[in-house]
Amino acid sequence: MSLVLDSAAQDLLFREARTANSFTDEPVTEEQVQAIYDLVKFGPTAFNQTPLRITLVRSPEARERLVKHLAEGNQAKTAAAPLVAILSADNEFHEELPALLPHFPQAKDMFFAERPVREQSALLNAALQAAYFIVGVRAAGLAAGPMTGADLGGIQKEFLDADHTPLMIVNIGKPGEDAWFPRSPRLAFDEVITTV
């Protein structure tokens, strides 16, 4: 293969990794979450923006409030996961751009003065960061169970505010018994790649 990453790392991050549906009861520590974020924060985004916001749902009360907004098939596994994260997009991310893009501080007002433009950019770039986060969870030797089957509007009202758009819920932990469904098919190279 022509990849620099060794085969075991490729398996850990991609080939063997799947959405986890069950977890052991081993806790996920703050130190693990910090290490994950300290790795994935370096993933590229447009204008170096950082719209992803992560709300860790640790307390039983908060977990109960979250679970009621999930699709029925997602409730039990989320109630039992060692850690659950709500990933959202901060639509006011532009306020940080002068610090994050010091060589081009005028980008804040030049490109992101209008709310609809910010919302579109925040959604795309937070989704990129969410993908980095999932890969980072895998790099920590944990499993991720990302889900969008939820009342995201209800989650926004319950946990966020009007400036934050929820993207997904991610269950996190060591995979439990029968954690994986069989690997689903993927499109082949020639079904996706076009050269012009």
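Everything discussed here concerns the structure shown above.
Basis of the calculations
- Counting from 1, residues in each chain are numbered in the order their sequence is written.
- Confidence filtering applies because this is a predicted model: local features only for residues at pLDDT of at least 70, side-chain atom pairs given and counted only at 80 or more, and all residues used for totals across whole chains, interfaces and linings.
- Side-chain descriptors were evaluated using all non-hydrogen atoms of the structure, hydrogens and water having been removed beforehand.
- Under the DSSP-based scheme used, a helix requires at least four consecutive residues in state H or I and a strand at least two consecutive residues in state E, with every element numbered from the N terminus.
- Only protein chains enter the accessibility calculation, which uses a 1.4 Å probe. A residue is then buried if its area is under 20% of the maximum for its type, exposed if over 50%, and partly exposed in between.
- Within this document, salt bridges are pairs made up of a side-chain nitrogen of Lys or Arg and a carboxyl oxygen of Asp or Glu, the two lying within 4 Å of each other.
- Grid points spaced at 1 Å over the protein atoms alone were grouped into cavities, where a 1.4 Å probe fits but cannot get out, and pockets, open sets with protein on both sides within 12 Å along at least five of seven lines, with lining residues defined by an atom within 4 Å of a point.
- Grid points are joined across faces, edges and corners, and a volume is the space filled by probe spheres set on the points.
- Basically, the charged four are Asp, Glu, Lys and Arg, the nonpolar ten are Ala, Val, Leu, Ile, Met, Phe, Trp, Tyr, Cys and Pro, and anything else, Gly included, counts as polar.

Some remarks on unusual backbone geometry
For step 1, the next point in the chain: Within the chain, phenylalanine 47 stands out as a residue other than glycine whose phi angle is a positive 60°.
For step 2, the next point in the chain: With respect to the helices and strands, phenylalanine 47 occurs in the loop between helix 2 (30-40) and strand 1 (52-57).
For step 3, the next point in the chain: Under the relative-accessibility criterion, phenylalanine 47 is labelled partly exposed at 29%.
For step 4, the next point in the chain: For aspartate 178, which is not glycine, the phi torsion reads 50° and is therefore positive.

Remarks on the pattern of salt bridges
For step 1, the next point in the chain: Applying the stated rule across the entire model yields 12 salt bridges.
For step 2, the next point in the chain: For arginine 15, the salt bridge identified is with aspartate 11, shortest N-O distance 2.8 Å. Of this pair, arginine 15 and aspartate 11 both sit in helix 1 (residues 7-15), 4 residues apart, which is roughly one turn of that helix.
For step 3, the next point in the chain: Note on arginine 15: relative accessible area 37%, which makes it partly exposed.

A closer look at the layout of surface pockets
For step 1, the next point in the chain: Here the largest pocket is characterised by a volume of approximately 260 Å³.
For step 2, the next point in the chain: Taken together, 13 residues line the largest pocket, and the ones lying closest to its centre are Ala17, Arg18, Thr19, Arg183 and Arg186.
For step 3, the next point in the chain: When contributions to the lining of the largest pocket are tallied by element, the ones reaching two or more residues are helix 1 and helix 7 (115-139).
For step 4, the next point in the chain: Here the lining of the largest pocket is built from residues that sort into 5 nonpolar, 3 polar and 5 charged.
For step 5, the next point in the chain: What the second largest pocket holds in volume is close to 160 Å³.
For step 6, the next point in the chain: In this structure, the second largest pocket is lined by Asp11, Leu12, Glu16, Ala17, Arg18, Arg138, Gly141, Leu142, Ala143, Ala144, Pro175 and Trp180.
For step 7, the next point in the chain: Counting residues per element, the ones that place at least two in the lining of the second largest pocket are helix 1 and strand 3 (143-147).
For step 8, the next point in the chain: By residue class, the composition of the lining of the second largest pocket is 7 nonpolar, 1 polar and 4 charged.

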